[in-house]
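Residues per chain are reported as follows:
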Amino acid sequence: METFLQDLRFALRTLRKTPAFTLLAVLTLALGIGANTAIFSIVNGVLLQPLPYAEDERIVILHQETNRGGTQSMPFSVKEIEDYREQVQTLAEVVEYHSMGFVIWGDQEPHRVRTGVVSANFFDVLGVEAFKGRTFLKGEDAPGTPPILVLSYDYWAGRLGSDPDIIGKTFKVNDNIHEVVGVLPPLPQYPRDNDVYMPTSHCPTRSSQGFIDNRNARMMQVFALLKEDASVEHAGHEVGSTARRMASQHPDSYPPEAGFSARTSLLKDELTREARPTFLILLAASGLVLLIACANVANLSLSRLLRREREMALRSALGAGRLRLLAQMVTESSLVALCGGLLGLLTAYAGLDLLVDFAARFTPRAGEIGIDATVLLFTLVVSLAAGLVFGALPALQPRQDLQKALSDGTRSSSSRGKQRLRQVLVVAQVGVSLVLLAGAGLMVRSFVKLQQVDAGFKPEQVLSMRIGMNFTKFAQSPDGMRNARKAFMEEVVEEVQALPGVVSAGLVSTVPLNQQQGMSHEFRIEGRQESNTPRIATHSFASPDYFRTVGIPLVKGRFFNAADDAQATPVALITHSLARRHFPDEDPVGKRIASSMGGDWVSIVGIIGDIRQYGLEKAPADEIYVPFAQAPFSSRLVLRTAGDPSALAQSVIAKVREIDPDQTVDSVQTLEEIRADSVAPARLTTVLTGMLSLLALLITAAGVTGVMALLVGQRTQEIGVRRALGAQSGDILRLVLGQGLGMVLLGCVLGLAGALVLGRFVESLLFNVSAGDPLTLTFTSLILMLVALAACYVPARRALGVDPRDALHAE
């Protein structure tokens, strides 16, 4: 300890005497360590930490799938849930979940709440205890039980202002008075955030006897708790066997050609499946940045060591062994690295909110990201490791010739070895930088291609919103729910179209690029036999003016018109992709189609352009549109405006509430905002990789400049002699630049090889770009070469200022 304290005091004095080196080294390491800390905080919170629930290793999610038209996920019906609950012996508890939007009345104006509809023991399976009050009790999802609610923490703290007397208060939902019995703790909600929760017995759809008895009425997700001695694999085997047994017992619900199956997976794995590749690639990239930073600081240390060779030689002459000198060097480097780590930690903490927003695009676990003890330990370990790396490398050079080192004006015999190490470090920096630049270039090119995709509509100056209709109120209408909803929505469209600044308005069941999967059904074509290849399309509902409002083109036939009402012949529009796939050699206009699940035949009256309904990166879906007047199931209002669409939002909301104060309006967004949100994950990933690569490029440029400056300083006498013998400025520039660019070229060659190998790991994140894209690799190599050339040019210009007389005098 006494020796350590002595080394520490000496390190502080030494670093204080060289403030330029200390500041540059600390800042360089802070950039590398800060990037690693920031990205690791995401990986730790999302991928490494257990779920904030009791026994998270036992919580599984069940999946039902069909291979009709490719593997598709299939929700669960009540009958199916009962079969799994009764027949799968490895599951201790089986619970259901689905989420719906309901209108709620209380002390405030009516508003729409996202409602989780769950089994009574749902929170028991997750192991969640209430923050206030209680959760649901066993049997409270049985028919006839009093309506109750459990509130989420965010809804209670935000919308209700953390009301301390909330337990026992009542709210009106679905025309029933619901009593609040509890508030959940501030934990992430899975599989999505909800405002309130209610038992299954009080959801109008879920509790209807017709829905319960219909094996094909599917809309729920299923979670389960494994028995203590059961494994996920064993449970998956039993679930699959149960699914096969169901298919054999109910062939009408599970046609053999559908390829029905079921499986299980751990909930925590399912929640991070899409996020894992992106986060791990970013962590690897930040690790490469730290390696470049360490190489740069090691080069700085080598340069500094040249000025300390006499000191080291003197300490050796006085009896200091190699390990003693190594301990002193590592103490200094560790002190620098810890200071860099502290500054990097502060930098990561400052950007924590941005990291959470980024991660939220990929996983619901983003709320668990933070600077905790694990992240602090990681930062400490990384800092000490960085200090060890750049501190030990200079100290492990060949032993000096003490006689030469102690002689005035004589360079150490180890300078040649140190020079080689510096050059190796520069080559490594350049190579790693090119790998990062190539990765960022691929991401940029991919994102540009994604942005250039024609979405099939014109989002400019279009506003969309969802009208959260009170279904219970419409159900009580003398004209019936269907007619009441139709009359209300048509009145909304008529009144909104009359507002100043509105060019047109329409209704649709789902707006483009909203990331929500629509209703996909198999359909039949009149006059054709059923085939083994299923015909699947997404069914949507739209008013006549919807297509003109959002700018969807007509390819053939006609759009809907006012005559296509409930009394007219059922009609439909199909997308161009559906026409190409299922009517390749004939005109589909005039043909008739029908759902394979039954229903009337509808006549195709037109073909519209393809729409990227579920993402710019996804191929246009086959879609069938039916008129709102014939199937009034549209709740999205869209309007094209003459000016800024956002400026009309409040006027439209006021008009809806003027027509019916009980209806709510939410999800108010322009289509341009929806388009921007749809590419936000790709955009943010591109920005992060770009920042990491630019950081690496900056550190590498600084390292090349420093090494070249030192090499020029060591060759001052040689350059002076060359000038005295008649060498021109161009000759000197070529001499210096040649030495620097030789290292850079070697680094680029190694970097290109590394980029080709590692590019395969980012291929899953790319859109229409190959990992070995020659244009990207060439362009990023040229950028690195130009930056390196500029870095070499500054010391080269200094070489031109060498006075031959001074050099010869020194010689």
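Predicted model, so just to flag it, every value in this text is computed and none were measured.

Criteria and cut-off values
- Residue positions are given per chain, counted from 1 along the sequence in the order it is written.
- Per-residue local features are limited, in this predicted model, to residues with pLDDT of at least 70; the limit for side-chain atom pairs, both in listing and counting, is 80 or more; totals at the level of whole chains, interfaces and linings are taken over all residues.
- Each side-chain value is worked out from all heavy atoms of the structure, with water and hydrogens disregarded.
- Note on aromatic contacts: the rings of Phe and Tyr and the six-membered ring of Trp form a pair at centre separations within 6.5 Å, being stacked when their planes are under 30 degrees apart, edge-to-face when over 60 apart, and tilted otherwise.
- Numbering goes from the N terminus for both helices and strands, where a helix is a DSSP run of H or I of at least four residues and a strand is a run of E of at least two.
- Only protein chains enter the area calculation, which uses a 1.4 Å probe; residues under 20% of their type maximum are buried, those over 50% are exposed, and those in between are partly exposed.
- Every patch collects residues that have over 30% relative accessible area and no salt bridge, joining them within 9 Å if they carry like charges and within 5 Å if they are nonpolar side chains (Val, Leu, Ile, Met, Phe, Trp, Tyr).
- Exposure was quantified through the Shrake-Rupley algorithm and a 1.4 Å probe, taking into account, for residues, occlusion by the shown protein chains and nothing else.
- Salt bridge, as used here, is a side-chain nitrogen of Lys or Arg placed within 4 Å of a carboxyl oxygen of Asp or Glu.
- Paired strands are those between which DSSP finds at least two bridges.
- Each direction from the helix axis to a C-beta atom contributes to the arc, which is the arc of those directions.
- For helices, the fitted axis covers only the stretch in contact; all axes are lines through C-alpha atoms, and the angles between them, taken along N-to-C directions, range from 0 to 180 degrees.
- In this scheme, roughly parallel covers angles under 35 degrees and roughly antiparallel covers those over 145, while 65 to 115 is roughly perpendicular and the rest are oblique.
- By convention, the crossing between two helices is left-handed when the near helix turns anticlockwise from the far helix through less than a right angle, and right-handed when the turn is clockwise.
- A contact between two residues is defined here by any heavy atoms of the two lying within 4.5 Å.
- Here the term charged refers only to Asp, Glu, Lys and Arg, the term nonpolar to Ala, Val, Leu, Ile, Met, Phe, Trp, Tyr, Cys and Pro, and the term polar to all other amino acids, Gly among them.

S.K.: Quick question: what am I supposed to make of the packing of aromatic side chains here?
M.R.: The relative placement of two aromatic rings is captured by the distance of their centres and the angle of their planes. Here the structure, examined in full by the defined rule, presents 20 aromatic pairs. On the basis of an interplanar angle of 70° and a centroid distance of 5.6 Å, the ring pair of Phe-279 and Phe-362 is categorised as edge-to-face. Of the two residues, Phe-279 is situated in helix 9 (residues 275-306) and Phe-362 in the loop between helix 12 (352-359) and helix 13 (373-395); the sequence distance between them amounts to 83 residues. For the pair shown, Phe-279 and Phe-362 are each scored as buried. Aromatic side chains Tyr-546 and Phe-547 sit 5.3 Å apart centroid to centroid with 70° between the ring planes, which places their arrangement in the edge-to-face category. Accessibility expressed as a relative area gives 0% for Tyr-546, which makes it buried. Here Phe-547 falls in the buried class, since its relative accessible area comes to 0%. Following the ring pairs from residue to residue traces out a cluster consisting of Tyr-97, Phe-122, Phe-123, Phe-136, Tyr-197 and Phe-223.

S.K.: Mind showing me how you'd approach a nonpolar patch on the surface here?
M.R.: Judged by side-chain polarity, Leu-23, Leu-27, Leu-342, Leu-343 and Leu-346 come together as a nonpolar surface patch covering roughly 470 Å² of accessible area. Within the residue set of the nonpolar patch, elements represented by two or more residues are helix 2 (19-48) and helix 11 (322-350). Checked against the element boundaries, Leu-27 lands in helix 2. Judged by relative accessible area, which is 41%, Leu-27 ranks as partly exposed.

S.K.: Help me understand the pairing of strand 8 (residues 176-183) in this model?
M.R.: Both faces of the sheet carry side chains from a regular strand, because those side chains alternate between them. The sheet contact formed by strand 5 (residues 132-133) and strand 8 spans two bridges and is antiparallel. Residue pairing in the sheet places Gly-133 in a bridge with Gly-182 of strand 8. Bridging between strand 6 (residues 148-151) and strand 8 involves four bridges; their strand directions are parallel. Counted as the bridge partner of Leu-151 is Val-183 from strand 8. Relative to strand 8, strand 7 (residues 170-173) is paired through four bridges, and the arrangement is antiparallel. In the strand pairing of strand 8, Val-173 is matched with Asn-176.

S.K.: Looking at this structure, I do not really get helix 20 (residues 649-659). What am I missing?
M.R.: Owing to its 3.6 residues per turn, the α-helix aligns residues three or four sequence positions apart on the same side. Every buried residue belonging to helix 20 is among Ala-649, Val-652, Ile-653, Lys-655 and Val-656, and all of these are buried. Projected down its long axis, helix 20 carries its buried residues within an arc of 160°, all on one side. Exposed residues lying more than 90 degrees from the buried face of helix 20 are Gln-650 and Glu-658.

S.K.: Just checking my understanding: could you explain the packing of helix 3 (residues 78-87) against helix 7 (residues 232-249) for this structure?
M.R.: For any two helices packed against each other, one specifies the inter-axial angle together with the distance between the axes. Two numbers describe how helix 3 lies on helix 7: the axes approach to 10 Å, and their chain directions differ by 130°. For the element pair helix 3 / helix 7, the angle class is oblique. Handedness of the helix 3/helix 7 crossing: right-handed. From helix 3, Glu-80, Asp-83, Tyr-84 and Gln-87 reach across to helix 7, where they touch Glu-238, Val-239, Thr-242, Ala-243, Arg-245 and Met-246. Its residues assigned to classes, the contact of helix 3 with helix 7 comprises four nonpolar, two polar and four charged.

S.K.: Explanation requested: the packing of helix 2 against helix 12 in the structure shown.
M.R.: Between helix 2 and helix 12, the shortest axis-to-axis distance is 10 Å and the interhelical angle comes to 45°. The angle between helix 2 and helix 12 falls in the class oblique. Considering the relative orientation of helix 2 and helix 12, their crossing is right-handed. Across the interface between the two elements, Ala-38, Ser-41 and Ile-42 from helix 2 touch Leu-352, Leu-355, Phe-358 and Ala-359 from helix 12. Split into classes, the residues belonging to the contact of helix 2 with helix 12 amount to six nonpolar, one polar and no charged.

S.K.: Just to check I follow, could you spell out the pattern of salt bridges for this structure?
M.R.: Two side chains carrying opposite charge are able to pair once their charged atoms lie near each other. Scanning the entire structure with this criterion turns up 25 salt bridges. Where Asp-677 meets Arg-361, a salt bridge forms, and the shortest distance between an N and an O atom there is 4.0 Å. Of the two residues, Asp-677 sits in helix 21 (residues 671-678) while Arg-361 sits in the loop between helix 12 and helix 13, which places them 316 residues apart along the sequence. When the shortest N-O distance is used, the salt bridge between Asp-564 and Arg-558 registers 3.0 Å. Sharing partners across several salt bridges, the network here consists of Arg-112, Arg-466 and Asp-666.

S.K.: Just checking my understanding: could you explain unusual backbone geometry for this structure?
M.R.: With the exception of glycine, most residues fall at negative phi, and the peptide bonds are largely trans. Despite not being glycine, Gln-461 shows a phi value in the positive range, around 60°. In this fold, Gln-461 is placed in the loop between helix 15 (415-451) and strand 12 (462-468). Under the relative-accessibility criterion, Gln-461 is labelled partly exposed at 33%. Even without glycine at this site, Ser-667 takes up a positive phi of about 50°. Mapped onto the elements of the fold, Ser-667 is located in strand 22 (residues 664-670).

S.K.: Is there a simple way to explain the environment of Ala-771 in this structure?
M.R.: Looking at the element boundaries, Ala-771 is found in the loop between helix 24 (729-762) and helix 25 (774-799). Classification of Ala-771 by relative accessible area gives buried; the value is 5%. When the C-alpha atoms of Ala-771 and Leu-758 are compared, they prove to be 8.5 Å apart, with 13 residues separating the residues in sequence. When residues no more than four places from it in sequence are discounted, the contact partners of Ala-771 are Leu-442, Gly-759, Arg-760, Glu-763 and Leu-766.

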